[in-house]
Amino acid sequence: MLTYDSTGFRLDGRPLRILSGAMHYFRTRPEQWPARLAALRAMGLNTVETYVPWNLHEPSPGRFERLDELGAFLDEAHRQGLWTIVRPGPYICAEWDNGGLPGWLTAKVGRRARTSDPEYLAAVDAFFDVLLPQVVDRQWGRPGGTVLMVQVENEYGSFGSDRVYLDHLARGLRERGVTVPLFTSDGPEDHMLGGGTVPGVLATVNFGSDPEAAFETLRRHRPQDPPFCMEFWNGWFDHWAKPHHTRDTADAADSLRRILAAGGSVNLYMAHGGTNFGTTAGANHEDAPFNSTDWTHSPYQPTTTSYDYDAALDERGLPSAKFDAFRQVIADFAAENPSLVHYLDDRVAELPAAAPVLGGRDVALTEIAELPFGDAVASPVPPLFEELGLEQGLVRYTTTVPAISDAQPLTVEGLRDRAALKVAGKHAASLERGVAAESVTATGGDQVTLLVESLGRVNYGPLVGETKGITGVRHERQYLHGWHAQPLALDPLPPTTAYAAGDPGPELLARGTLHLDATGDTFLAVPDGDHGYLWVNGFLLGRYDRRGPQVTLYCPQPLLHEGANTLTLLELGQASPSRIELHEAPNLG
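Everything numeric here is computed off the predicted structure, so don't read it as measured data.

**Some points on the sheet that holds strand E21 (residues 440-442)**
Phase 1 of the analysis: Spatially, 4 strands are ordered E21-E18-E23-E24 in an open sheet, and the strand pairing comes out antiparallel. Edge positions in the open sheet fall to E21 and strand E24 (478-479), since each of these has one partner strand only.
Phase 2 of the analysis: Pairing geometry for strand E18 (residues 408-413) and strand E23 (residues 472-475), over 4 bridges, is antiparallel. If you follow Thr 411 over to E23, its bridge partner there is Arg 474.

Below you can see the structure in the form of structure tokens.
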């Protein structure tokens, strides 16, 4: 049993300093978990932490998918000699779409999400009923168990103050069989700790620097709790069209050393970042969460496909300079405090061999196909994605301007997040959320078509739970009605058999073949592309965008096989990329 007091943690009566690293099972291919976890153990960590994204596991009400992945990950951690920390939400932030909350749910409950609203809580309870047995069965003290701690919500003090909600979650975890310590995590601010903590539940703090001040704030609120940095931000994430983030290795290592010297346990966020495969990347608002006072009007910033995070293990799982620096800090601490640093087993941890890398080459895109939209849904107003049962992807909206109208400007309202506008069958404008567009006019009888693409839902702040699509189109001041909407999910690759030889272009699926004698990791780039999506053998790697900073998309070895591999691209800008490049190394900007 894990116990604690103000002096620290004890596991089965033995003093323990928890040395954890964050690695999300859903951002790394399952085939790669053993090597990634072994590398964390080789760095000197004794614990691995993961979130659980609700929207990944319940993509529509009552339909559960990939639930066994959490349990499989916890089992693999045990095989690699690591204890585990589980953070099941229901909200996780994590730069993940909608902070992990299902879009179908937040579209219904709106601002009642993350509160004690009965409809919201009923959905949370139903999900936890299905999810938590995997955690309960793998708690420390049970055969093969590794779970030391379970989190209640996530950084709730940065969002709200509903004590009834937090109490309900904590009580629900206990009633479902969680017996290990529960904890909360919040920023080291008085109002955040005041709003996010639960009486009788361990409080932890999240920060990137100045550990002494952060722990002092925590101590004022919880003198009986041991200092624990649940998120030590040793790197950072990237947004499209913004610079690539890195953090100085020596500075990060010094902060880690000071956390340990201050008596703190720690969870490196991230130890291995991984990849926002598919359409899972979230979004933020400029200057949020720290400097903005009005997030609802600050620029929208979608997160990149890569979640490398400038972490100790890079996106491919290779040790970075931080790996060596952190391993030395941990080794020095262990040498000075041998009674505090111990592990699930006594194995000598070794860094696993790296996967092979494919050589550079080009793959020509030689076949094309139309997007396979289904039947149209008729509506007087353009329906939202959520009203069409679509979490992410594309919707093609079509209507006709009343015949007696003369030429008047068109205004698209509530665009989330990109759209190609056609008038009378011709491209008229590329629209982007929050960016002013040149005036486009339409005349009576013109058909108006908008191909709308959703990017990541906001994952932090008051706009978590916003809907996708458009809310209306005006012809001068008059709203256009009589819409037809055709939704299309992009993950996995939409099925179509209509490929034929032809030249790639906007809004077309284009594919080529990569022939391999042997597999390996690779990094794919679309040098002539504007913005779009890239699939490997039907698996959606994610989005590419000429604005950067990310240039290459990581393609893990398990997605490839010997022989013919199919690469498929969807360009949604106005470019016509004809090839895909394979690179031996990443280019993240």
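**A closer look at the environment of Asp 125**
Phase 1 of the analysis: With respect to the helices, strands and loops of the structure, Asp 125 is situated in helix H5 (residues 118-136).
Phase 2 of the analysis: When the C-alpha atoms of Asp 125 and Pro 90 are compared, they prove to be 9.6 Å apart, with 35 residues separating the residues in sequence.
Phase 3 of the analysis: Contacts of Asp 125, omitting those with residues within four sequence positions, involve His 168 and Arg 176.

**Observations regarding helix H9 (residues 249-261)**
Phase 1 of the analysis: End to end, H9 covers 18 Å across 13 residues, agreeing with the expected 18 Å (1.5 Å per residue, within 8%).
Phase 2 of the analysis: Listed as buried for H9 are Ala 252, Ala 253, Ser 255, Leu 256, Ile 259 and Leu 260. One side of H9 carries all its buried residues, which in axial view fall inside an arc of 160°. Away from the buried face of H9 by more than 90 degrees, exposed residues Ala 250 and Ala 261 are located.
Phase 3 of the analysis: Those residues of H9 hidden inside the fold are in contact with strand E4 (19-23), strand E9 (202-207), helix H8 (211-221), strand E10 (228-233), strand E11 (265-272) and helix H10 (321-336).
Phase 4 of the analysis: Downstream of H9 by one or two residues, Gly 263 has phi in the positive range, about 90°.

**Points about unusual backbone geometry**
Phase 1 of the analysis: The amide bond that connects Tyr 269 to the next residue, Met 270, takes the cis arrangement and shows omega of 0°.
Phase 2 of the analysis: Along the chain, Met 270 turns up in strand E11.
Phase 3 of the analysis: Look at the link from Asp 491 to Pro 492: it is a cis peptide, with omega at 5°.
Phase 4 of the analysis: Here Pro 492 lies in the loop between strand E25 (483-488) and strand E26 (500-501).
Phase 5 of the analysis: Look at Cys 93: it is not a glycine, yet its phi comes out positive at around 65°.
Phase 6 of the analysis: Looking at where Cys 93 falls in the secondary structure, it is placed in the loop between strand E6 (83-87) and helix H4 (103-109).
Phase 7 of the analysis: Of note in the backbone geometry, Glu 153 takes a positive phi value of approximately 55° without being a glycine.
Phase 8 of the analysis: Structurally, the position occupied by Glu 153 is in the loop between strand E7 (147-151) and helix H6 (163-175).

**Quick look at the packing of helix H1 (residues 33-42) against helix H3 (residues 68-79)**
Phase 1 of the analysis: Where H1 meets H3, the axes come as close as 10 Å, and the angle between the chain directions of the two elements is 45°. In terms of orientation, H1 and H3 fall into the oblique class. Relative to H3, the crossing made by H1 is right-handed. Taking contact as the criterion, the partners of Trp 33, Pro 34 and Leu 37 in H1 are, on H3, Glu 69, Ala 72, Phe 73, Glu 76 and Ala 77.
Phase 2 of the analysis: In the contact of H1 with H3, the residues fall into 6 nonpolar, no polar and 2 charged.

**Focus on the environment of Ser 439**
Phase 1 of the analysis: On the secondary structure map, Ser 439 appears in the loop between strand E20 (426-432) and E21.
Phase 2 of the analysis: Judged by its relative accessible area of 61%, Ser 439 falls in the exposed class.

**Let's talk about the pattern of salt bridges**
Phase 1 of the analysis: Throughout the structure, instances matching the rule amount to 46 salt bridges.
Phase 2 of the analysis: Salt-bridge contacts for Arg 114 lead to Glu 153; the nearest nitrogen and oxygen are separated by 2.8 Å. Of the two residues, Arg 114 sits in the loop between H4 and H5 while Glu 153 sits in the loop between E7 and H6, which places them 39 residues apart along the sequence. Like Glu 153, Arg 114 is buried.
Phase 3 of the analysis: Salt-bridge contacts for Asp 210 lead to Arg 258; the nearest nitrogen and oxygen are separated by 4.0 Å. Linking Asp 210 in the loop between E9 and H8 with Arg 258 in helix H9, this pair joins segments that are 48 residues apart in sequence.
Phase 4 of the analysis: Take Asp 210: its relative accessible area is 42%, and that puts it in the partly exposed class.
Phase 5 of the analysis: Among the residues examined, Arg 258 registers a relative accessible area of 28% and is labelled partly exposed.

Criteria and thresholds
- Residues numbered from 1 in each chain as written.
- Predicted model: local features only at pLDDT ≥ 70, side-chain atom pairs only at ≥ 80, totals over all residues.
- Heavy atoms only, no water.
- Pairing = 2+ DSSP bridges.
- Helix = DSSP H or I, 4+ residues; strand = E, 2+ residues; numbered from the N terminus.
- Contact = heavy atoms within 4.5 Å.
- Expected span 1.5 Å × (residues − 1).
- Buried < 20%, exposed > 50% of the residue type's maximum accessible area, 1.4 Å probe, protein only.
- Arc of directions from axis to C-beta.
- Axes fitted to C-alpha atoms, helices over the stretch in contact; angles between N-to-C directions.
- Parallel < 35°, antiparallel > 145°, perpendicular 65-115°, else oblique.
- Left-handed = near helix turned anticlockwise from the far one by under 90°.
- Nonpolar A, V, L, I, M, F, W, Y, C, P; charged D, E, K, R; others polar.
- Salt bridge = Lys/Arg side-chain N within 4 Å of Asp/Glu carboxyl O.

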